[in-house]
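Spelled out from the first residue to the last, the chains are:
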Amino acid sequence: MAEVTLSRAIVTPPRAVPPRGRTAMRASVPKPVFNGVSHESVRLTEMEKGKGRPAQGMGGKAATGAPSSAVDPSGYDEKAKQKLEKVTEKAKLKDVNFWKVHKQELKEMLPFLWPKERPFIKLMFVVSVVALLFSKLCNVASPIALKYAIDAVVAGKFSVNAILAYGGIRFASSVFNEIKDNAFAFVSTHASRKISLRTFTHVMSLSLRFHISRKTGSVIRACSRGSESFAALLRYISFQVAPIFLEVAMVCVYLWIFYSWYFGIITFMVIFVYAAFTIPFTEWRNKFRRQETEADDVFNQKATDSLLNYETVKLFCAEPHIAHVYDVALAKKQAASLRTTQSLTGLNLGQAVIITVGITLSLALAAREVLDDKMTVGDFVLVNTYILQLYVPLNFLGTYYRMIKQCMVDVEAMFRLMKEHEDVADAVPNTELVLKSSADARVVFNDVRFMYNPLDGRQILKGVSFVVEPGQKIAIVGSSGAGKSTISKLIYRLYDIQHGSITINNQSVANVTQRSVRSRIGIVPQDCVLFNDTIEYNIAFGKLGTSNMGTIEEVKKAAKAAQFSQFVDEQCKDGYDTLVGERGLRLSGGEKQRVAIARALLKDPPIMIYDEATSSLDTHTEKEIMLSINAAAVGRTNIVIAHRLSTIMDADQIIVLKDGLVAERGDHPTLYSDANGLYRAMWDQQLRSAMEGGSKSSSANLIAGRK
């Protein structure tokens with residue numbers, strides 16, 4: 001109870017008149033809470049009950065009138081943030097005609113149902129259509145057989161043929177339905193697989209600009225749900241809705257020919273009124289389904305993002321805030337689901353009224369015909385059977401239409417994803433990058449100017465020029481934001497430059513294929529993200545771009561060169577079969593970076609890029625890794641992007657970047673000799689930091705570099 005009081009006291013707003021002097025100093029510092037876990041649990045419990053301090057809006061003002069689910073202990077208004085994010089998206093989706101907007105995309109998807117290279121799939125499609133036609137013929141014929149059986153009974157006879165015919169036709173209808181469903185299952189699953197593969201490969205081919213701004217959960221849902229919904233869309237239209245109208249047409253024609261004309265008219269009018277009511281009403285309801293889908297996407301994206309960043313959540317004790325964000329997403333999904341259900345009730349009631357009127361009117365007229373001896377009892381039962389047989393599937397017309405609209409929404413999300421274009425595309429025509437040997441690996445930057453987003457006008461590189469001769473080791477240093485890592489991305493052609501040129505062996509990277517460029521460059525990134533697989537897989541992966549997956553012998557050799565084999569042999573019970581966890585979280589930062597080095601060494605490229613390759617390593621391991629890097633650098637063109645200047649003293653040339661420009665260049669002795677130079681200032685600053693931090697090894701290396 002004391003903890004609850006303490007928690008509430010912390011979130012109580014200050015008094016209007018602040019205290020003065022020492023009292024003010026004491027009042028400005030919250031009273032410490034020693035039992036942090038229990039206190040956190042109380043805050044989390046209060047938040048779940050809708051308690052806690054008022055939620056703060058995006059602008060810092062308290063959100064008035066907010067529901068209890070919007071209260072966040074951190075004062076962050078996730079609900080307001082999501083509303084702002086949806087404004088643009090709603091404007092895009094307003095009054096969208098699915099068939100007109102996505103006509104071209106639908107045409108491109110149809111070949112997946114009739115694949116040229118798969119005759120079996122085409123055969124199954126034909127079988128499903130034929131089985132559908134036979135099942136509908138059986139549905140129309142079975143009441144006729146029942147009529148003859150009843151008329152025989154009324155006449156005091158027992159018609160074995162009519163009874164057997166009725167039973168056989170009913171059974172045949174079920175058999176043909178099963179054949180239809182199973183045959184089309186081959187078609188739909190094949191189409192789903194191919195469409196899903198096409199969508200996934202398209203997403204993987206998109207440029208880095210898309211992937212750094214994507215919402216992973218939404219993309220995954222769009223890929224999986226969109227492909228399945230496309231096959232379902234065609235199944236509902238071709239094998240659910242169209243057969244209903246086919247059967248209605250057959251029954252109306254039969255009633256018109258063999259009975260009074262008004263039976264056919266009544267049946268037709270009921271169908272017409274039913275469709276006229278269902279389609280507009282369902283169209284109106286579709287906006288609620290769209291909102292539900294959007295809320296589901298947000299919910300999945302928030303859940304995925306929170307799980308991927310769970311370590312950050314733990315480090316900043318942000319469990320209540322994340323729970324609030326998750327709860328807001330769930331609340332939106334719940335509200336949208338309730339609106340969908342409530343509107344469904346209105347639709348079902350309207351459909352029930354129309355069908356009831358049709359059934360009552362038809363049976364009343366049939367009964368009058370029987371009493372007037374214009375129809376037999378068998379005819380009365382036939383009309384009643386036809387009405388029930390038609391109206392039961394007709395009752396699902398609204399359901400099928402809703403499913404179709406739901407599939408449209410899901411497919412629409414997939415189509416929007418497919419419309420994402422590649423920012424970086426191979427030139428047409430293009431050639432392969434030719435590097436006959438490492439002696440041809442000459443890299444030239446010529447007046448390169450680049451900005452990530454041309455619209456905001458922030459230029460990262462403002463005219464950078466340098467040359468890396470074959471076999472040379474060039475280092476690029478500078479403060480954060482100077483453009484060091486951008487250079488590595490441009491060499492890989494993850495982005496296109498706006499001005500200047502980048503050439504390898506006198507071939508512009510803009511005129512050759514991206515794959516040929518990337519297959520000849522190895523990189524050790526600053527932040528190495530690993531697959532949730534074994535150590536062997538993650539290292540062997542490095543060879544995929546040039547040949548098959550690396551063998552275990554090659555993996556062990558690369559791991560030894562990266563000073564990683566001892567760790568695997570001594571500390572990993574399963575050796576190279578050890579799983580590294582999600583994004584490699586079971587390994588330390590230094591261990592992940594050594595996996596990255598081993599992976600790059602296994603690739604054995606003529607050009608190597610080290611982007612802060614030793615930034616996560618201690619000084620002792622750094623020295624060992626640098627020996628491995630230097631050994632691997634022999635005979636290759638090497639570009640080292642570094643923060644620790646002690647690791648690049650042996651570089652043939654050091655380029656110092658400042659504000660996107662080359663401020664200084666030269667080898668270490670030349671740059672250090674300039675007492676007023678930027679490189680000298682950076683060196684002295686790192687020396688002071690190393691001495692203050694007590695790192696003897698780093699200090700010794702930096703002091704040695706002064707001599």
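The notes below deal with the structure included here.

Thresholds, definitions, all that
Residues numbered from 1 in each chain as written. Predicted model: local features only at pLDDT ≥ 70, side-chain atom pairs only at ≥ 80, totals over all residues. Heavy atoms only, no water. Helix = DSSP H or I, 4+ residues; strand = E, 2+ residues; numbered from the N terminus. Buried < 20%, exposed > 50% of the residue type's maximum accessible area, 1.4 Å probe, protein only. Areas by Shrake-Rupley, 256 points an atom, 1.4 Å probe, with all protein chains shown as cover. Salt bridge = Lys/Arg side-chain N within 4 Å of Asp/Glu carboxyl O. Pairing = 2+ DSSP bridges. Axes fitted to C-alpha atoms, helices over the stretch in contact; angles between N-to-C directions. Contact = heavy atoms within 4.5 Å. Polar contact = N/O pair within 3.5 Å; in protein donor to acceptor, adjacent residues only side chain to side chain. Parallel < 35°, antiparallel > 145°, perpendicular 65-115°, else oblique. Left-handed = near helix turned anticlockwise from the far one by under 90°. Nonpolar A, V, L, I, M, F, W, Y, C, P; charged D, E, K, R; others polar.

### Details of the overall build of the protein chain
Here is step 1 of the chain: Tallying secondary structure elements over the protein chain gives 25 helices and ten strands in all.
Here is step 2 of the chain: Per-residue burial over the protein chain gives 43% buried out of 707 residues.
Here is step 3 of the chain: Accessible surface, the protein chain: about 36800 Å² in total, of which carbon and sulfur atoms supply 59%.

### Description of the pattern of salt bridges
Here is step 1 of the chain: Scanning the entire structure with this criterion turns up 13 salt bridges.
Here is step 2 of the chain: A salt bridge links D379 to K147, with the nearest nitrogen and oxygen atoms 2.9 Å apart. Of this pair, D379 sits in helix α14 (residues 377–394) while K147 sits in helix α7 (residues 119–154); the two residues are 232 residues apart in sequence, bridging distant segments of the chain. Side by side, D379 and K147 carry an identical accessibility label, which is buried.
Here is step 3 of the chain: Notably, a salt bridge pairs D296 with K333, separated by 3.1 Å at the nearest N-O pair. Highlighted residues: D296 in helix α11 (residues 261–308) and K333 in helix α13 (residues 319–371), separated in sequence by 37 residues.
Here is step 4 of the chain: Three or more residues are tied together by salt bridges with common partners; here these are K147, D151 and D379.

### Some details on the sheet that holds strand β8 (residues 637–641)
Here is step 1 of the chain: In space, the six strands of this open sheet follow the order β6-β7-β8-β3-β9-β10, with mixed pairing throughout. Each edge of the open sheet carries a strand with a single partner, namely β6 (521–524) and β10 (661–666). For this sheet the average axis-to-axis angle between neighbouring strands, irrespective of direction, equals 20°.
Here is step 2 of the chain: Here strand β9 (residues 653–658) pairs with β10 via five bridges, running antiparallel. The residue of β10 that forms the bridge with V656 is E664.
Here is step 3 of the chain: Contacts from helix α21 (residues 589–603) reach β6 and β7 (607–611) within the one sheet, and its direction differs from that of β6 by about 170°.

### Observations regarding the side chain of Q351
Here is step 1 of the chain: Looking at the secondary structure, you find Q351 in helix α13.
Here is step 2 of the chain: Only 3.1 Å separates the side chain of Q351 from the side chain of T278, close enough to count as a polar contact.

### Considerations on the sheet that holds strand β2 (residues 461–468)
Here is step 1 of the chain: Pairing is antiparallel in the open sheet, where four strands are placed in the order β2-β1-β4-β5. Each of the sheet's edge strands pairs with one partner strand only, and the pair in question is β2 and β5 (507–508).
Here is step 2 of the chain: Note that strand β1 (residues 443–450) and strand β4 (residues 499–504) share five bridges and pair antiparallel. Pairing of R449 across the sheet is with H499, part of β4.
Here is step 3 of the chain: Those strands touched by helix α16 (residues 484–491) are β1, β2 and β4, and its axis lies near 115° from that of β1.

### Side note on the packing of α7 against helix α8 (residues 160–205)
Angle between the axes and distance between the axes are the two parameters that describe a pair of packed helices.
Here is step 1 of the chain: Contact geometry of α7 with α8 gives a least axis separation of 7 Å together with a crossing angle of 160°. For the element pair α7 / α8, the angle class is roughly antiparallel. By crossing handedness, the relation of α7 to α8 is classed as left-handed.
Here is step 2 of the chain: Tallied by class, residues from the contact of α7 with α8 come to 26 nonpolar, seven polar and two charged.

### Observations regarding the side chain of S188
Here is step 1 of the chain: On the secondary structure map, S188 appears in helix α8.
Here is step 2 of the chain: Excluding its chain neighbours within four sequence positions, the residues that come into contact with S188 are A231 and R235.

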